[in-house]
Amino acid sequence: MPGEPAVSVGAMESEVAPWAVGMTCPGCGGSAVRTVPDTCADQESVRSRLSDRLAKQPGVTSRFDTFAHTVEGLLLTAVGGALAHEGITNDKQLYTIGGSVLAALMFVVTVCAVVGEIRERRVEATGGPRADALWRSAAYCSGCASVFFPGGVPWRRPVTPEQFQKYVWTEAGFGKQLAQRVKDVALPPVDPARPGGVSDHA
Ligand SMILES: [Zn+2]
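Reference entry: report on the structure contained in this document. Computed from a prediction, not measured in an experiment: that's the story for all the values here.

Before going further, it helps to examine the sheet that holds strand E1 (residues 33-35). The strands that make up a sheet pair up through hydrogen bonds in the backbone, lying either parallel or antiparallel. Taken in spatial order, the three strands of this open sheet run E1-E2-E3, and their pairing is antiparallel. Strands at the two margins of the open sheet, each flanked by one partner only, are E1 and strand E3 (146-148). With direction set aside, neighbouring strand axes in the sheet form an average angle of 30 degrees. The pairing of E1 with strand E2 (residues 139-141) spans three bridges and is antiparallel. Bridge assignment links Arg-34 to a residue of E2, and that residue is Tyr-140.

So, in structure tokens, the structure goes:
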């Protein structure tokens, strides 16, 4: 719309949220604090796998990969079919049986894989915005290796990256896809919201 300032939500990973400037960690009081998106974008975090521990959502197979899997599966199904045809035409029972089994197996495997990938993408599309909002509202303190929500919601105290991930993924509907060690982590009780919902700069 004309006259309205352009809002680039999530356009740049490295965009610094206003609250991240001069922020101190409510856990250790340190100021080595960055937004979670900034932390994840850092090459060092990628190397140390911190980015994975703070990942906003499970990895989802791309449309292209699903297409590639479909083509591969159908090609193998066709190979099986051709073998079976060869067996029937030349009266070679081994080819007939082997080819038929291969074709049937590959067809079933392909259908299951593709249906699973499509379902995964649907879950991701539904929960994605919620996960994104929560993920962006958090900060990571490298001083005490913990995550906190500057707004104090749902917790005023920092939590571990695992607790953070469990919270974000569960809220967004990805809970089932959490790694077992993250699923097993207990979340602290939610703090009551305080008026204003803004953290005080200690
Ligand atoms: Zn800290």
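Summed over the entire model, instances satisfying the criterion amount to nine salt bridges. A salt bridge links Asp-52 to Arg-49, with the nearest nitrogen and oxygen atoms 2.7 Å apart. Taking relative accessible area as the criterion, Asp-52 reaches 40% and is therefore assigned partly exposed. In this structure Arg-49 comes out as exposed when scored by relative accessible area, which is 53%.

Attention now moves to the coordination of the zinc ion. Donor atoms from the polypeptide that coordinate the zinc ion comprise Cys-25 (SG), Cys-28 (SG), Cys-141 (SG) and Cys-144 (SG), at 2.2 to 2.3 Å from the metal. Metal-centred angles of 103 to 114 degrees between the four donor atoms at the zinc ion mark the site as tetrahedral. Judged by its relative accessible area of 32%, Cys-144 is partly exposed.

Compared with an ideal rise of 1.5 Å per residue, which puts 12 residues at 16 Å, helix H6 (residues 161-172) spans 16 Å between its outermost C-alpha atoms and is within 8% of the ideal. Taking burial as the measure, the 12 residues of H6 include 10 buried ones, the bulk of the element. Buried-residue contacts for H6 involve helix H1 (36-41), helix H3 (50-53), helix H5 (93-136), E2, E3 and helix H7 (180-183). Looking one or two residues beyond H6, the residue adopting positive phi is Gly-173, at roughly 90 degrees.

Their axes nearest at 7 Å, the elements helix H4 (residues 63-89) and H5 cross at an angle of 165 degrees. By the angle between their axes, H4 is roughly antiparallel relative to H5. For the pair H4 and H5, the sense of crossing is left-handed. Considered class by class, the residues forming the contact of H4 with H5 number 12 nonpolar, 12 polar and five charged.

Parameters at a glance
Residues numbered from 1 in each chain as written. Predicted model: local features only at pLDDT ≥ 70, side-chain atom pairs only at ≥ 80, totals over all residues. Heavy atoms only, no water. Pairing = 2+ DSSP bridges. Helix = DSSP H or I, 4+ residues; strand = E, 2+ residues; numbered from the N terminus. Axes fitted to C-alpha atoms, helices over the stretch in contact; angles between N-to-C directions. Salt bridge = Lys/Arg side-chain N within 4 Å of Asp/Glu carboxyl O. Buried < 20%, exposed > 50% of the residue type's maximum accessible area, 1.4 Å probe, protein only. Donors = N, O, S within 2.8 Å, 3.2 Å for Na, K, Ca; no water. Tetrahedral: all angles 85-135°; square planar, octahedral: opposite > 155°, others 65-115°. Expected span 1.5 Å × (residues − 1). Contact = heavy atoms within 4.5 Å. Parallel < 35°, antiparallel > 145°, perpendicular 65-115°, else oblique. Left-handed = near helix turned anticlockwise from the far one by under 90°. Nonpolar A, V, L, I, M, F, W, Y, C, P; charged D, E, K, R; others polar.

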